[in-house]
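Each chain is listed here by its residues.
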Amino acid sequence: MVDRAQRVAQGARRRAVRDDGRRAVRDDARRAPRQRPVPDADEMRALLSVAFRPAGVTVVLLSALIVVTLVAANSDLTGTFGAIAASWLAIHQVPLTIDGTSLGVLPLIPTAGMMWVVARGCAAAVHPASSRRYALQVIGAAVAGPLVVTAIALAVIADASAVIPLSSPNALAAFGWVLVVHLLAAGIGVAVAMWPTLGAEVPSWVRDAVRPGLRAMAAIVGAGAVLVTISLLMEWSTVGALLERGDGVVGLLGLTILSVLYLPNVVVGAAAAVMGGTAQIGDVSVSVFGNVGGSLPPLPLLGAVPDGVSGGAWPALLVVPLLIGVMLGRDCGRRVAGQEALFTVLTAAAGVGVVTAVLGLVSGGRLGAFGTVELNWWAFGLLTFAWLGLAGAVTAVVVAWHRSRGADDEAGTEDEEPHLPGAEEVPAIAAPIADEPEAPVAAAPGRVIEAELVDDTEAPAAPVAPQDTDAEAEVVVDAEVEEDAATAEPEGAGKAGEAPEADLPRGPATPSD
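Calculation criteria
- Residues numbered from 1 in each chain as written.
- Predicted model: local features only at pLDDT ≥ 70, side-chain atom pairs only at ≥ 80, totals over all residues.
- Heavy atoms only, no water.
- Helix = DSSP H or I, 4+ residues; strand = E, 2+ residues; numbered from the N terminus.
- Buried < 20%, exposed > 50% of the residue type's maximum accessible area, 1.4 Å probe, protein only.
- Contact = heavy atoms within 4.5 Å.
- Core = buried A, V, L, I, M, F, W, Y, C linked by side-chain atoms within 4.5 Å.
- Salt bridge = Lys/Arg side-chain N within 4 Å of Asp/Glu carboxyl O.
- Expected span 1.5 Å × (residues − 1).

Draft legend 1. Expanded view of the environment of Val 156. By the secondary structure assignment, Val 156 is in helix α5 (residues 132-160). By relative accessible area, Val 156 is classed as partly exposed at 27%. It is 6.0 Å that separates the C-alpha atoms of Val 156 and Gly 82, two residues lying 74 residues apart in sequence. The contact partners of Val 156, leaving out residues within four places of it in the chain, are Phe 81, Gly 82 and Ala 85.

Draft legend 2. Quick peek at the nonpolar core. In this structure, Trp 88, Leu 89, Val 118, Cys 122, Val 138 and Val 190 are the most contacted members of the largest nonpolar core, which totals 40 residues. When contributions to this core are tallied by element, the ones reaching two or more residues are α2 (41-72), α3 (80-91), α4 (109-125), α5 and α6 (171-193). In terms of residues, this core owes the most to one element, α5, which gives eleven residues. Apart from the residues lying within four places of it in its own chain, the contact partners of Val 190 are Cys 122, Val 126, Ala 135, Val 138 and Ile 139. Counting residues in each nonpolar core, the second largest holds 23 residues, with Met 275, Ala 341, Val 352 and Leu 388 among its members.

Draft legend 3. Geometry of unusual backbone geometry. The residue Gln 93 is not glycine, and still its phi comes out positive at about 65°. Checked against the element boundaries, Gln 93 lands in the loop between α3 and β1 (96-98). In the Ramachandran plot, Asp 99 falls in the positive-phi region, its phi being about 55° despite a non-glycine side chain. The residue Asp 99 is located in the loop between β1 and β2 (101-103) in this model.

Draft legend 4. Representation of the pattern of salt bridges within the structure. Applying the stated rule across the entire model yields four salt bridges. Two residues, Arg 215 and Asp 331, come together in a salt bridge whose shortest N-O distance is 3.3 Å. Within this pair, whereas Arg 215 is found in helix α9 (residues 210-234), its partner Asp 331 is found in helix α13 (residues 319-335), the two being separated by 116 residues in sequence. Residue Arg 330 is joined to Asp 331 by a salt bridge in which the shortest nitrogen-to-oxygen separation is 3.3 Å. One salt-bridge network, in which partners are shared between bridges, spans Arg 215, Arg 330 and Asp 331.

Draft legend 5. Helix α12 (residues 263-274), seen in detail. Here α12 spans 17 Å end to end across twelve residues, near enough to the 16 Å set by a 1.5 Å rise per residue. A large share of α12 lies buried, amounting to ten of its twelve residues. Of all the positions in α12, only Asn 265, Val 266, Val 267, Val 268, Gly 269, Ala 270, Ala 271, Ala 272, Ala 273 and Val 274 are classed as buried. Directly after α12, the chain includes Gly 276, whose backbone phi takes a positive value near 105°.

This is the structure:
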């Protein structure tokens, strides 16, 4: 008893020591700071590349272009760094003030090119299996690098403003525009690369709205481009006269490049007019319901703007957004069935409306002495949503109803098909052999045949194939033949050589249908 009590006490002491040790480990782990995973060397190189490669390449290209332009214009290189820094900000749609003139209408092509490069770099840095922490690190690096370059550019402009007539822009606006541009581009690139993983968490009607929405957006921009092309061809004489104002080859080349850079801005304005909105350049306004003429900047591309008051058949262009809405509804109705088709149409219309509103916002701004370039961006977005949502919803309902009716007709046709005899194979079922009364057996002379049918109940009966009508059913016979010399030949026996009549089958019996 004493030994047992000692063993129990020792076990209790060991358990107490063990519990104290575990408690101490938990306390140490709770007090110790959490260690976050540190990116390895490859991830660090990828993050640095995402942060500074697009900005570095852009600065190098801007430097080369500005130096070549200054040399071609026989100008000294004074203020070169200030021009490079100002060009960096202009790419990000930051308004500039040059010699007291505010320039807020900036070309969209360089901005679109910058966003494409950033999105592609971010998409190459991640893959569908990447963690969300690493994806956020990629987005943060894509934003942090350009912000550093922006800070350097603001410092350079502040220093160069003493040499060239360039005023320092608003720092908050500069950082805000750079942040928005790179954050949007990086988010698009990461979302596209990780879409196989992220798409599983998105409702199906939202996923199905992406492709039809992109097609509708491309159709709207395409309609604006077609309208601008037709206007340029109709007003080619005015465009040529504006090009002749350039002094020499350098001036002609400069006006041509400037017109190409501002071409997307004019296309967005034409798209806004097609959707029912208004594009205004100073005193000039363009709409399908009527134009108001006025003075325009001497840019050859603006020669496509109709001059004077016009109207007439222009409201007929409103059939274009109607057709685009029908196309959107058809695409959504084919991809999604039922009530979700309406959600898909409205989601796609809302997305396209937001994108068009953003394009209308960035395409306008101050234009010095000519006033303000304004595309009425909020009306552009609302009208786009209204056209696509209304026409698309009606079309999607019609398409979904037609699909459901077609499915019901097919189902009804299958149910109403007559089952005619011989139209399909009918499986044959072997009929069981019924017990028949024993008939007298005419035995051969001197022979007595005793036969007994044996029912093998132990072995399971083999299943008969449904379509095997030629299957042979075998009868198991247990027969015993006995010689009986005293038995005489019965009357009415058959002739010699004929087989005696019996109920025993001579071969395999084939069941009938």
